[in-house]
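Coordinate analysis (summary)
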Amino acid sequence: MFRSRTPALAALCAPLVTFAVTLAGAVVPPASASPGGAPPGGDEPIAGFTQKNARWERQYEKLLSGIPSGKLARDLDAELASEPGLATTTGDWRRVQRIVKRLKSYGLQPEVKTYYAYLSMPKRVKVEMTAPHRVSLPVKEKARPWQKHFEDVIPGHNGMSPSGDVRGEVVYANYGRPEDFALLAEKGVSVKGKIVLVRYGSVFRGIKPREAARHGAKGVLIYSDPADDGFTRGKVYPEGPWRPADGIQRGSVAQIQLAAGDPQTPGWPAVKGAHRIDPADAPMLKGLVPTMPISYGAAEPLLKALTGPEVPKEWQGGLKFPYRFGPGGTQVHLDLKNTFSVRPLWDVTVRIPGSERPDQEVILGAHHDAWTYGSSDNLSGAENVVQVGRALGTLLKQGWRPKRTIVLATWDGEEYGLFGSTEYAEERAGRLRNAVAYVNMDGAGGSNFGPAATPALDGFVVDASKEVRWPGTDGTLYEAWKAQNKGKTPISRIGGGSDFQAFFQRYGVPALDLGASSTGSGGNYHCSCDDFYWMSHFGDPTWEYHAAMTRLVGISTLRLANADVVPLGYRPYATETAQYLADFTAEQRKRLGKVVVDVSRDVDQAKAWQRAAEALQARADAALRAGDTAGFRRLNAKIMQAERDLLTSAGLPGRPWYRHQIYAPGIDTGYATQRLPALYDALFVDKDPGTARAYERRLNASLRAATRTLTP
């Protein structure tokens, strides 16, 4: 998981005070309750609902809002983070059983679905500095007294890295980006036959060994520099939230910018007996060299002994000496033995059938696996899904039923390459044609709100944020969100690195990712310090941000499941797409000095799509005023199809698993969002104008289809 959040709120939250009145036989907090309490919206209209159904919806939103509890959030984390939960291990299985037991206690019927994924486990991990003197470097953090089952915390491991026993001189390559290796070449520094030392950050970790391999390196060490998430930022764990000197950032180097899920079953489910490709043919595993993570305490002597010219200012990290390129001075022996095998992993799902459209689904998911204890990444998300389950179980006992089917899920194997969610989606590809939306949570227990979404859901996210009181403030999440961002409500576009990828970028299910973090969250990322102690001392000491996020995703899920007209707005989507196309033209002039791929007709088509979206919204508003049930069905069919129209069955150039033509993970960034990925990849990465023109034709066909879909 990768999470980038907005600046922190300074105030800490206050304890929850509970008041209650009775409404239609249900316990419902009044609108004045704070900070948990009922949503503040009162009797205001809800986008996508008739006036009558909005009143019905708000009754249950009030009931739901009174149920999430900071105390339960704390208790859940104390239980689920009591031992490490690395995917496919015994600790992971026990975590699954605890989640199942909780959901059953709420009157729900959870199902455990087993998939089989090809992944790595560390068998031997040794790193030794061999020159200018010999030092055996630590490969695991020291245990803290409160950390139980610490023997089950794996040493520093980059999942899916090949094994290797390599020796060589060290070259420092900053963040290991393509432009960093280009600068090394410009300076006359070769990494061929060397071991490259890079720092975490800026791009997905899997890009770093890929680039090192392309330039001839035979091994990679990745460390977390204190300038990025250590002592230069503030006090370190356990005195503060930032990464300590022994803190190691684990993580997979599987090439998730090329595909996601089990590497041996790209595009089909990894069920028992499934056809499997040879690992050597798996796109996610290609082009890598032996790679492992170390702490900045372990990296310090390597960096300090390097000789050669000093690096530019922007390459200098937080350690208190000048960084140098190398090679020279420092030599390393990396002895890495990773065992690969197909192992079972376990998704937990709950299905609550809809009363009117059981074939249409709203899916709320978060992964439960973790590199270590995982209180932040991602038990904070999984625990919120469990709390939503508790709330929905209470509503069901009151006689409520969703109009559309709600699926609650905690996924396994996300950390290795989005395994559990991808296999689930690939197995249910046909059913996903009727999925209204996928709601994701990956890091959801802190004061700083940071959503990502398809543009069609921007307005929906803003509206939902107005319904939740935000701890530590006198107002709503919406108001806190604006205060954090100078009066704006920024919503990122979906890129890579979490469980929304298969749903959105392969199957075209509209998706949103609702998360929150606290100052210093980067310091515990994939470290043994991501534990209950960290969360209870620094992340969310009162656990009320967890409860507030449960209210947000609970209300969001209810609205998507119960709306008369699905609340997806395509006018801003079309407007953004037209701007992306204009930017692509400008980028061609900047990089190539001329326009090689003409997208002017696509700009015109995006504007036609915008006009069709405006007209459809007018028809939807009229249907809602009239209570036109038959009209709702026709409108919803069109609204749900429009995102799917943006897919191409051909897939993106060089990475056919991805099908979305507007958004994908950046081919050279892995996490960051690439707009118009086929056009940019073909023209600027592959330098293939012919392929770029072919994809322009596919994009134009998709924009025409989206326009036709929204037209009467």
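Residues numbered from 1 in each chain as written. Predicted model: local features only at pLDDT ≥ 70, side-chain atom pairs only at ≥ 80, totals over all residues. Heavy atoms only, no water.

A word on helix H15 (residues 544-562). Compared with the 27 Å implied by 1.5 Å per residue over 19 residues, the 27 Å span of H15 between its first and last C-alpha is a close match. Of all 19 residues in H15, 19 are buried, a share of seventy percent or more. (Helix = DSSP H or I, 4+ residues; strand = E, 2+ residues; numbered from the N terminus. Expected span 1.5 Å × (residues − 1). Buried < 20%, exposed > 50% of the residue type's maximum accessible area, 1.4 Å probe, protein only.)

What follows covers the pairing of strand E11 (residues 331-352). As paired elements, strand E3 (residues 111-131) and E11 share 19 bridges and run antiparallel to each other. Bridged to Val112 within E11 is Val348. Note: strand E6 (residues 164-172) against E11, six bridges, orientation antiparallel. Counterpart to Arg167 in the pairing with E11 is His333. Bridging between E11 and strand E13 (residues 404-411) involves five bridges; their strand directions are antiparallel. Note that in E13 the partner of Ile352 across the bridge is Ile406. (Pairing = 2+ DSSP bridges.)

On to the packing of aromatic side chains, then. Between two aromatic rings, the relevant description is the distance of the centres plus the angle of the planes. Counting across every chain of the model gives 34 aromatic pairs. Between Trp146 and Tyr533, the ring centres sit 4.1 Å apart and the planes meet at 10 degrees, which makes this aromatic pair stacked. With Trp146 in the loop between strand E4 (135-136) and strand E5 (158-159) and Tyr533 in helix H14 (residues 532-539), this residue pair connects regions lying 387 residues apart in the sequence. With 5.9 Å between their ring centres and 40 degrees between their planes, Trp411 and Phe503 make a pair best called tilted. With a gap of 92 residues between them, Trp411 in strand E13 and Phe503 in helix H13 (residues 500-506) connect regions that are remote in the sequence. Here the two residues Trp411 and Phe503 agree in accessibility, since each one is buried. Chaining the aromatic ring pairs together yields one cluster made of Phe504, Tyr570, Tyr573, Tyr580, Trp609 and Tyr663. Between Lys403 and the ring centre of Trp56, over which it is positioned, the NZ or CZ distance is 5.1 Å. Across from the ring centre of Phe684, 4.2 Å away, lies the NZ or CZ of Arg591, which sits over that ring. (Phe/Tyr/Trp six-rings, centres within 6.5 Å; stacked < 30°, edge-to-face > 60°. Lys NZ or Arg CZ within 6 Å of the ring centre and 35° of its normal.)

Here His660 lies in the loop between helix H18 (629-644) and strand E19 (663-665). Among the polar contacts made by the side chain of His660, one reaches the main-chain amide nitrogen of Ile662 at a distance of 3.2 Å. At a separation of 3.4 Å, a polar atom in the side chain of His660 contacts the main-chain amide nitrogen of Tyr663. When near neighbours in sequence (up to four residues on either side) are disregarded, His660 contacts Phe504, Gln505, Tyr573, Glu643, Leu646, Leu647, Leu652 and Pro677. (Polar contact = N/O pair within 3.5 Å; in protein donor to acceptor, adjacent residues only side chain to side chain. Contact = heavy atoms within 4.5 Å.)

Glancing now at the nonpolar core. Note on soluble globular proteins: their nonpolar side chains tend to be buried together. With 157 residues, the main nonpolar core has Leu392 and Tyr570 as its most contacted residues. Excluding residues within four positions of it along the chain, Leu392 makes contact with Leu64, Ile352, Trp400, Ile406, Leu408 and Leu558. Of all hydrophobic cores here, the second largest spans 45 residues; its members include Val171, Val198, Ala217 and Leu303. (Core = buried A, V, L, I, M, F, W, Y, C linked by side-chain atoms within 4.5 Å.)

The next point concerns the side chain of Thr291. For Thr291, the position within the fold is in strand E10 (residues 291-294). On the basis of relative accessible area, Thr291 is assigned to the buried category, the value being 1%. Sequence-distant contacts of Thr291, defined by excluding residues within four places in its chain, comprise Asn158, Ser161, Pro162, Pro209, Val220, Ile222, Val253 and Leu336.

Turning to the packing of helix H2 (residues 70-80) against helix H8 (residues 375-397), a few remarks are in order. Two elements in contact, H2 and H8, have axes whose closest approach is 10 Å; the angle formed by their N-to-C orientations is 125 degrees. Of the possible angle classes, the one that applies to H2 and H8 is oblique. Here H2 runs over H8; the crossing is right-handed. In this structure, H2 uses Leu72, Ala73, Leu76, Asp77 and Leu80 to contact H8, whose residues at the interface are Ser375, Leu379, Glu383, Val386, Gln387 and Arg390. (Axes fitted to C-alpha atoms, helices over the stretch in contact; angles between N-to-C directions. Parallel < 35°, antiparallel > 145°, perpendicular 65-115°, else oblique. Left-handed = near helix turned anticlockwise from the far one by under 90°.)

This part is about unusual backbone geometry. Cis geometry marks the peptide bond from Tyr237 to Pro238, where omega comes out at 10 degrees. Looking at the secondary structure, you find Pro238 in the loop between helix H6 (226-229) and strand E9 (251-252). For Asn174, which is not a glycine, the phi torsion comes out positive at approximately 55 degrees. On the secondary structure map, Asn174 appears in the loop between E6 and helix H4 (178-186). With a phi angle near 60 degrees, Leu418 is a residue other than glycine that sits in the positive phi range. With respect to the helices and strands, Leu418 occurs in the loop between helix H9 (414-417) and helix H10 (419-427). Under the relative-accessibility criterion, Leu418 is labelled buried at 3%.

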